Amino acid sequence: QSVAILGAPFSKGQKRRGVEHGPKAIRDAGLVERLSNLDYAVHDFGDLTFKHLEKDEHFMHVPFPRTVGRANQLLSGAVSGAVGAGHTCIMLGGDHSLAIGSVEGHAQQCPDLCLIWVDAHADINTPLTSPSGNLHGQSVAFLLKDLQNKMPEVPGFSWMKPFLSARDLVYIGLRDVDPGEHIILKTLGIQYFSMRDIDRMGIQRVMEVTLDHLLARKQRPIHLSFDIDAFDPSLAPATGTPVNGGLTYREGIYVTEEIHNTGLLSVMDVVEVNPTLGATPEAVEATTSLAVDVIASALGQTREGAHINDTEGF
Ligand SMILES: N[C@@H](CCCCC(O)O)C(=O)O
Ligand SMILES: [Mn+2]
Ligand SMILES: [Mn+2]
Ligand SMILES: [Mn+2]
C-alpha cells in the first residue's frame, strides 16, 4: 500500500489570498506521520511550482484563465504519474479549480473512473452562468462531455478535452447552488445529495445509494474530490466560501470510511483550506486537523481501532 502526497499551492481559481498555503498547513498538522501510522509507504512528492503567467487577461469575467489552465496541465501530469506508478494519490490544495487537472490526470490512467464530489457547492458553473467568474466554481463543467455544447473555448484549456459522463458523478453536501448550476444538475440528471437529502435519508443511506449508483454496474476507481467547506463552518472555519448547515464531523468521517471500504479509492483531493482565514490559531488548527482526519479515514483509519496479528502483549 503506497500513498503519494502532492502539494498544489495554488489560489488563482478564486480571489482570496492564502489558500495557496493550504498544503503546508495540512502537512504541519501531521499528515505524513498519521499516514505512516496506517502502514502506508508514504511518498511525499512535495509541492508543485506554479508559474504566474504575465499577460493573462480576463476571459469574459473569468480571471486568470491561462494561469489556472497551465497550473492544471502541470497537475494533470503529476497526478497521472503518481497513479501510473501505483500510488494512491492525495492532492492537497489550493483552491478547487485544481480538480480539473487532478481528475483529468487520473482519467489518463483510469478512463473508467467515477467521481464523488463532497462540497457545499456544485462547482458546475460555465463561464456563461458563473456569478463570480471564479474558476473554482466551474471545475466540473470542464470535465463533463454532456456540457460541451454549453462551454466556450477558454484560453489556457486547449490541452484537455472533457471525458466524464454525468452518470459517473455524485454530489454530497450541496447547500449553496446557483440557478445556472441547478438547471444543469436537473437537465443532465446528475445524482446529488444536498444537505436536505442527508437530513431526510441519513448519511448511511446516502452512501448506500451513492456507491450503488456508481459501482453496481461495474467496480471502478474512485476519485474523491473533497472540498473542506462541505463541513459545517463551525468545524472548518478557515475556508474561502463557508456556508452554514454543513456536514457534521461524524457524517464526513462516515463518508470517507465507506469510500475506504470499497477498496477502490484511487485519488483524493482535499481543497479550499485557507489558513489565513481562521479568526484564531485554534480555528486554523481545527480546519487543518480535520483535513488530516478525513484523509486518514479515507485511507483506512477506523474509529473502532485495529490490530495486526501478533499485537504486543496479547
Ligand atoms: N457558486 C459560487 C461559489 C463557488 C465555490 C467554489 C468552491 O468553494 O466550491 C461561484 O461559482 O462563484
Ligand atoms: Mn500569501
Ligand atoms: Mn469546491
Ligand atoms: Mn465549496
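Everything below is about the structure printed above this text.
The structure presented is a predicted model; accordingly, all values stated were derived computationally and were not measured.

Draft legend 1. Quick look at the overall build of the chain. Scanning the chain from N- to C-terminus turns up 10 helices and eight strands. On C-alpha atoms alone, the chain measures out to a radius of gyration of 18 Å, which is about the 20 Å that the 2.2 N^0.38 rule sets for 314 residues. By the burial criterion, 58% of the 314 residues in the chain qualify as buried. Long-range contacts, defined here as pairs at least 24 residues apart, represent 75% of the contacts in the chain between residues at least 6 apart. Carbon and sulfur atoms make up 50% of the accessible area of the chain, which totals about 13200 Å².

Draft legend 2. Fine view of a positive patch on the surface. Residues Lys145, Lys161, Arg167 and Arg217 make up a contiguous surface patch of positive charge. Following the sequence through the fold, Arg217 ends up in the loop between α8 (203–215) and β7 (222–227). Assessed through its relative accessible area of 65%, Arg217 is described here as exposed.

Draft legend 3. Representation of the coordination of the manganese ion (ligand 4). Every protein donor of the manganese ion (ligand 4) is accounted for by Asp119 (OD), His121 (ND1), Asp227 (OD), Asp229 (OD) and Asp229 (OD), and the metal-donor separations fall at 2.1 to 2.5 Å. Taken in sequence order, the residues that donate to the manganese ion (ligand 4) follow the motif D-x1-H-x105-D-x1-D. Separating the manganese ion (ligand 4) and the manganese ion (ligand 3) is a distance of 3.3 Å, and Asp119 donates to both of them. With Asp119 in the loop between β4 (114–118) and α5 (139–143) and Asp227 in strand β7, the pair connects residues that are 108 residues apart, well separated along the chain. A relative accessible area of 0% means that Asp119 is categorised as buried.

Draft legend 4. Inspection of the coordination of the manganese ion (ligand 3) at higher detail. Looking at the manganese ion (ligand 3), one finds its protein donor set to be His96 (ND1), Asp119 (OD), Asp123 (OD) and Asp227 (OD), positioned 2.1 to 2.2 Å from the metal centre. Spacing between the donor residues of the manganese ion (ligand 3) along the chain follows H-x22-D-x3-D-x103-D.

Draft legend 5. Inspection of unusual backbone geometry at higher detail. Looking along the chain, the bond that leaves Gly93 and enters Gly94 is cis, with omega of 5°. Structurally, Gly94 can be placed in the loop between β3 (88–92) and α4 (99–109). Positioned with a positive phi, Met60 is a non-glycine residue whose angle comes to about 55°. Considering the arrangement of structural elements, one finds Met60 in the loop between β2 (41–47) and α3 (65–84). Under the relative-accessibility criterion, Met60 is labelled partly exposed at 42%. Even without being a glycine, Glu272 presents a positive backbone phi close to 75°. Checked against the element boundaries, Glu272 lands in the loop between β8 (265–271) and α10 (281–298).

Draft legend 6. Representation of the pairing of β8 in the model. For β8, the buried fraction is high: seven of the seven residues fall into the buried class. Of the pairings in the sheet, the one linking β3 to β8 comprises four bridges and is parallel in character. Within β8, the residue paired with Cys89 across the bridge is Val267. The sheet contact formed by β7 and β8 spans six bridges and is parallel. Across the sheet, residue Asp227 finds its bridge partner in β8, namely Val271.

Draft legend 7. Spotlight on the site of ligand 1. Within the structure, ligand 1 sits among 14 residues, and Asp123, Ser132, Asp178, Asp227 and Thr241 are positioned closest to it. Taking Asp227, its side chain carries an N or O atom lying 2.9 Å from an oxygen atom of ligand 1. Measuring from an oxygen atom of ligand 1, one finds a side-chain N or O atom of Asp229 at 3.0 Å. Burial of ligand 1 by the surrounding chains reaches 93%, relative to a free accessible area of 360 Å². Among the residues making up the shell around ligand 1, the classes are represented as one nonpolar, six polar and seven charged.

Draft legend 8. Geometry of the packing of α3 against α4. Closest axis-to-axis distance for the α3/α4 pair is 7 Å, and the angle between their directions is 40°. By the angle between their directions, the pair α3 and α4 is classed as oblique. The crossing of α3 and α4 is right-handed. The segment α3 lies against α4, with Asn72, Leu75, Ser76, Val79, Ser80, Val83 and Gly84 engaging Ala99, Ile100, Gly101, Ser102, Glu104, Gly105, His106, Gln108 and Gln109. Residues belonging to the contact of α3 with α4 are distributed by class as follows: five nonpolar, 10 polar and one charged.

Draft legend 9. Structural context of the nonpolar core. Of all hydrophobic cores here, the largest spans 50 residues; its most connected members are Ile124, Phe142, Leu144, Phe157, Leu169, Tyr171 and Ile190. It is α3 that contributes the most residues to this core, seven residues altogether. Non-local contacts of Phe142, meaning those with residues more than four positions away in its chain, are made with Ile100, Leu135, Gln148, Met151, Val154, Phe157, Met160 and Pro162. With 46 residues, the next largest nonpolar core counts Phe231, Val292, Val294 and Ala298 among its residues.

Reading the values: the criteria
- Residues numbered from 1 in each chain as written.
- Chains lettered and ligands numbered in written order.
- Predicted model: local features only at pLDDT ≥ 70, side-chain atom pairs only at ≥ 80, totals over all residues.
- Heavy atoms only, no water.
- Helix = DSSP H or I, 4+ residues; strand = E, 2+ residues; numbered from the N terminus.
- Rg over C-alpha atoms; globule rule 2.2 N^0.38 Å.
- Buried < 20%, exposed > 50% of the residue type's maximum accessible area, 1.4 Å probe, protein only.
- Contact = heavy atoms within 4.5 Å.
- Areas by Shrake-Rupley, 256 points an atom, 1.4 Å probe, with all protein chains shown as cover.
- Patch = residues over 30% accessible without salt bridge, like charges linked within 9 Å, V, L, I, M, F, W, Y side chains within 5 Å.
- Salt bridge = Lys/Arg side-chain N within 4 Å of Asp/Glu carboxyl O.
- Lys, Arg positive; Asp, Glu negative; His and termini not counted.
- Charge placed at Lys NZ, Arg CZ, Asp CG, Glu CD.
- Donors = N, O, S within 2.8 Å, 3.2 Å for Na, K, Ca; no water.
- Pairing = 2+ DSSP bridges.
- Near = heavy atom within 4 Å.
- Polar contact = N/O pair within 3.5 Å; in protein donor to acceptor, adjacent residues only side chain to side chain.
- Nonpolar A, V, L, I, M, F, W, Y, C, P; charged D, E, K, R; others polar.
- Axes fitted to C-alpha atoms, helices over the stretch in contact; angles between N-to-C directions.
- Parallel < 35°, antiparallel > 145°, perpendicular 65-115°, else oblique.
- Left-handed = near helix turned anticlockwise from the far one by under 90°.
- Core = buried A, V, L, I, M, F, W, Y, C linked by side-chain atoms within 4.5 Å.

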